[in-house]
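As a plain string of letters, each chain reads:
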Amino acid sequence: EMNAAFNGHFVFYRPKDVVGGDFYWAHHTKGVSWAAAVDCTGHGVSGAFMSMIGSDLLNQIIIEKNISDPARVLEEMDKGIKLAFAQSAKEFESDQGMDVTLVRIDRKKNSLLFSGAQRPLFIFIDGELTEIEGDRFSISCADEMTKTFQSHEVKYTDNSVAYLFSDGITDQFGGEKGKKFMVRRVREFLVENHPNNMEDQHQSLVKTFDDWKGVENNQIDDVMLM
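Residues numbered from 1 in each chain as written. Predicted model: local features only at pLDDT ≥ 70, side-chain atom pairs only at ≥ 80, totals over all residues. Heavy atoms only, no water.

Quick rundown of the packing of helix H2 (residues 44-64) against helix H3 (residues 70-85)? Include the residues and the values.
The geometry of H2 relative to H3 is characterised by a closest axis approach of 10 Å and an angle of 130 degrees between their N-to-C directions. One way to sum up the angle between H2 and H3 is to call them oblique. With respect to the hand of their crossing, H2 and H3 are arranged in right-handed fashion. Here Phe49, Met50, Ile53, Gly54, Leu57, Leu58, Ile61 and Ile62 of H2 lie close against H3, whose contacting residues are Val73, Glu76, Met77, Gly80, Ile81, Ala84 and Phe85. Of the residues assigned to the contact of H2 with H3, the class counts are 12 nonpolar, two polar and one charged. (Axes fitted to C-alpha atoms, helices over the stretch in contact; angles between N-to-C directions. Helix = DSSP H or I, 4+ residues; strand = E, 2+ residues; numbered from the N terminus. Parallel < 35°, antiparallel > 145°, perpendicular 65-115°, else oblique. Left-handed = near helix turned anticlockwise from the far one by under 90°. Contact = heavy atoms within 4.5 Å. Nonpolar A, V, L, I, M, F, W, Y, C, P; charged D, E, K, R; others polar.)

Pasting the structure below:
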């Protein structure tokens, strides 16, 4: 699915435990490619349970219902997770949910649509970095509010590269002073490495993360960047 959807790709995916709450998702049909990077509440088994719900919702909304606007997809996911937990809310923590970066790429129009729930999109177009913030609320089973997400359109060129990531990489403690990696270091890494081929970027990112974390720090969360 990833090979069909993209000219080149890599995924740095490292759950904190055997299973995790971060997951990535891709779909391609008729010249349109989708990608999602999703960070579910928790990690381990509870996070993996949420991942199953999130992945199933993406399949239902995008593939079965054929909804084409990323913002509408996130709104349907928010409704869907509330419905999924309506019968069993007492068995789970009240703030179960997920943060999402979702993109839809229309190859005929060279158009990328992005919508985010608490997550940004980083995209390089002809070597220039554009950062687009997502909306400031999560997809959640807890709150009653009706959410309206925004879609942002970007016209891309053939040598453009987009990056979707969870907060596991930015929140990881390490370095000489035991501080968080932060978005700034993700940005610096991507600025330096985005011209390289995907496999080289992947290997460099793994090494950068491992060097930062070191042997004395535990991994604190699921980590994923695609």
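Further notes follow.
Mind laying out the sheet that holds strand S10 (residues 161-163), listing which residues take part and the relevant values?
Read across the sheet, three strands follow the order S7-S6-S10 without closing on themselves; strand pairing throughout is antiparallel. Sheet topology places strand S7 (128-132) and S10 at the edges, where each strand pairs with a single neighbour. Here the average twist between neighbouring strands, direction ignored, is 20 degrees. Bridge count for strand S6 (residues 121-125) against S10 is three bridges, and the pairing is antiparallel. (Pairing = 2+ DSSP bridges.)

Just give me the short version of the packing of aromatic side chains, but keep the residues and values in it.
Within the structure shown, the criterion is met by six aromatic pairs. Between the aromatic rings of Phe137 and Phe149, the centroid separation amounts to 5.1 Å while the plane-to-plane angle is 80 degrees, which identifies the pairing as edge-to-face. Here Phe137 is found in the loop between S7 and strand S8 (139-140), whereas its partner Phe149 is found in the loop between S8 and strand S9 (152-155), with 12 residues between them in sequence. (Phe/Tyr/Trp six-rings, centres within 6.5 Å; stacked < 30°, edge-to-face > 60°.)

Describe H2, listing the residues and the values that go with them.
In this model H2 runs 29 Å from its N-terminal to its C-terminal C-alpha over 21 residues, within 8% of the 30 Å that 1.5 Å per residue would give. Those residues of H2 that are buried are in contact with strand S2 (22-29), strand S3 (32-40), H3 and strand S4 (97-106). Remark: Asn66 follows H2 within two positions and exhibits a positive phi of approximately 60 degrees. (Expected span 1.5 Å × (residues − 1).)

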